[in-house]
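Architecture at a glance
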Amino acid sequence: MRLLHTSDWHLGRAFHRVNMLGAQAEFIGHLVTTVRERGVDAVVVSGDVYDRAVPPLAAVELFDDALHRLADLGVPTVMISGNHDSARRLGVGAGLIGRAGVHLRTEPSACGTPVVLADAHGDVAFYGLPYLEPALVKDEFGVQKPGHEAVLAAAMDRVRADLAARARGTRSVVLAHAFVTGGEASDSERDITVGGVAAVPAGVFDGVDYTALGHLHGCQTITDRVRYSGSPLPYSFSEAEHRKSMWLVDLDADGAVTAERVDCPVPRALARIRGRLEELLADPGLVRHEEAWVEATLTDPVRPADPMARLTERFPHTLSLAFDPEREPDDLDVSYARRLAGRSDQEIAEDFVAHVRGAGPDAHERGVLRDAFDTVRADEAVREVAR
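Residues numbered from 1 in each chain as written. Predicted model: local features only at pLDDT ≥ 70, side-chain atom pairs only at ≥ 80, totals over all residues. Heavy atoms only, no water.

Moving on: the domain arrangement of the protein. In terms of domains, the protein is made up of domain 1 (2-263), domain 2 (269-326) and domain 3 (332-386). Put simply, the middle of domain 1 and the middle of domain 2, counted by C-alpha atoms, are 37 Å apart. The interface of domain 1 with domain 2 comprises 12 residues on the first partner and eight residues on the second. Surface buried jointly by domain 1 and domain 2 totals about 820 Å² across both partners, of which 77% is contributed by carbon and sulfur atoms. At the junction of domain 1 with domain 2, the criterion picks out zero salt bridges. Applying the counting rule to domain 1 against domain 2 returns zero residue pairs in polar contact (both at pLDDT 80 or more). When the residues that make up the side of domain 1 that touches domain 2 are grouped by side-chain class, the tally is six nonpolar, three polar and three charged. (Domains from an automatic or database assignment. Contact = heavy atoms within 4.5 Å. Buried area = accessible area lost by both parts, 1.4 Å probe. Salt bridge = Lys/Arg side-chain N within 4 Å of Asp/Glu carboxyl O. Polar contact = N/O pair within 3.5 Å; in protein donor to acceptor, adjacent residues only side chain to side chain. Nonpolar A, V, L, I, M, F, W, Y, C, P; charged D, E, K, R; others polar.)

Here is the structure:
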C-alpha cells in the first residue's frame, strides 16, 4: 500500500504579514496531483490542518475545497487534529464526511478504533491519535500524573490491544501529533511542554509498522518507521534551510517500509543575512538572495539611519529586521530581548527569583513554578477548546 504522509498545513497562517493562502492553495493542488500521478492508495494528514482554533473563513473554504478534491479522487484520506486545531470544530460532520472517504479522527476516546483499508495483501489499520493535551485527557486514559508520555503510552496500549485482536498479518499505521525525542524543532511550533518535558521517546510507538508524525515543521526521520513530514510551507525564518516535502511511503506485504521525499512548491526562498548595513548592501555574494524573503540582522555598533528603506532597495522582500550590535566582550549593555533569547518561561522565572532574593529556587519551588506554568497553559487550551 502506498501512502502519502503530510501534516501541519496551518491553513490561514501568514508569514511575517505575507498572506500565504495562495501558496497554501497551490500546495493543495500539488497534493492532489501527487496522489493522482504517483498511484497513492491513502493520504494521511497528521494534524494542524488550521493555524488556530477559530480559523478565518478563507481558510475554511480552502479546507472545504481540499476535502472535495480528495474525495473526488476516490483515494481514502485519514486526518487528525493537532494542537493548533479545535478538535471539536474540525470533527463536525466527521461521520458524514467519512462516507466520502475522508476520515477525520479528532476524539481521543476513538484512538483504538482504526480506519481499516485493504490492498492485495490484506488489511491495513490506520489509528488516529489526535493531539492529546495531557490535562484534558488524563481521565479518559486513566493516568495519575498528566504528561505527554503517559497519555500517548495509554493511547498506544489501546492501539496495540486492538491490533492484537485482528487477523494475523494486519499491517498498521499510526497518525500522531507530538514532539518525539530526536526531532529538531523550529521557531514556528507552539510550545507543548508539560511538567518541564515536551518530548516523548520514539519507543512509545513500538509495535506498529509506520508512525506518521505531525507537529515539528522540519521533514525528518526519527527511525525508519517513525517520521515527520514537516510543514509543506515555511512559517518562520528558522526554517530557511528546510527542504519542504511530503513522504511517499510504501508498505509491503510484510509491513516493511520504504520512503521517498516528494518536494512541495515553495513560493519564495528564505534567506537570513547578517552584517553591517553597508557590507550587506555591497556584498556580491548576496546576489542570490535579492529575490528571497529576507531576515536581516544588522551588527553596526550604532544603528544606521533608515535601515529598512535602504535594505529593501537591494532586497525588496525583506520581512524582518533585527539589530545585534557588535560590542566589546566586557560590554554589559545587552538588550533584555537578547538576554532572554532561547530561554524557557521556567528558566526566566527561576532567574527572576535568584535576582530578587540572591538565591535561586530549591527543588520544591521549581516544582511550584512548573505546576503554575502548566496550569496556565492547560487553562489556555481549555479556553481554546470552548471557543
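There is more to say after this.
Quick look at the pairing of strand β18 (residues 293-298) now. With six of its six residues buried, β18 lies for the most part within the structure. Burial of β18 is two-sided: the residues Trp293, Glu295 and Thr297 facing one way and the residues Val294, Ala296 and Leu298 facing the other way are all buried. Across six bridges, strand β17 (residues 270-275) lies against β18 in parallel orientation. The residue of β18 that forms the bridge with Ile273 is Ala296. Taken together, β17, helix α7 (residues 277-282) and β18 form a β-α-β motif whose crossover is right-handed. Relative to strand β19 (residues 318-323), β18 runs parallel, the two being bridged by five bridges. Paired with Leu298 across the strands is Phe323, a residue of β19. Between the parallel pair β18 and β19, the chain is carried across by helix α8 (residues 307-314), and the sense of this crossover is right-handed. (Buried < 20%, exposed > 50% of the residue type's maximum accessible area, 1.4 Å probe, protein only. Helix = DSSP H or I, 4+ residues; strand = E, 2+ residues; numbered from the N terminus. Pairing = 2+ DSSP bridges. Right-handed = clockwise from strand over helix to strand, strands pointing away.)

A few words on the sheet that holds strand β6 (residues 102-105). Strand order across the open sheet formed by six strands is β6-β5-β4-β1-β15-β16, with mixed pairing between neighbours. Two strands bound the open sheet, and with one partner strand each, they are β6 and β16 (257-263). In this sheet, adjacent strand axes meet at a mean angle of 20 degrees when their direction is disregarded. Two elements, strand β4 (residues 42-46) and strand β5 (residues 77-80), share four bridges in a ladder whose sense is parallel. Among the inter-strand pairings, Val45 is bridged to a residue of β5, identified as Met79. Across the sheet, helix α1 (residues 21-37) touches β1 (2-6), β4, β15 (245-251) and β16, and the angle it forms with β1 is around 170 degrees. (Axes fitted to C-alpha atoms, helices over the stretch in contact; angles between N-to-C directions.)

This part covers the packing of aromatic side chains. Evaluated as defined, the whole model comprises four aromatic pairs. Ring geometry for Phe15 and Phe237: centres 5.1 Å apart, planes at 55 degrees, overall tilted. Residue Phe15 is found in strand β2 (residues 14-15), and its partner Phe237 is found in the loop between β14 (226-228) and β15; the two are separated by 222 residues along the sequence. On the accessibility criterion, Phe15 (0% relative accessible area) is buried. Here Phe237 falls in the buried class, since its relative accessible area comes to 2%. Ring geometry for Tyr50 and Phe63: centres 5.4 Å apart, planes at 65 degrees, overall edge-to-face. Placement of Tyr50 in the loop between β4 and α2 (57-73) and of Phe63 in helix α2 is noted, with a sequence separation of 13 residues between them. (Phe/Tyr/Trp six-rings, centres within 6.5 Å; stacked < 30°, edge-to-face > 60°.)

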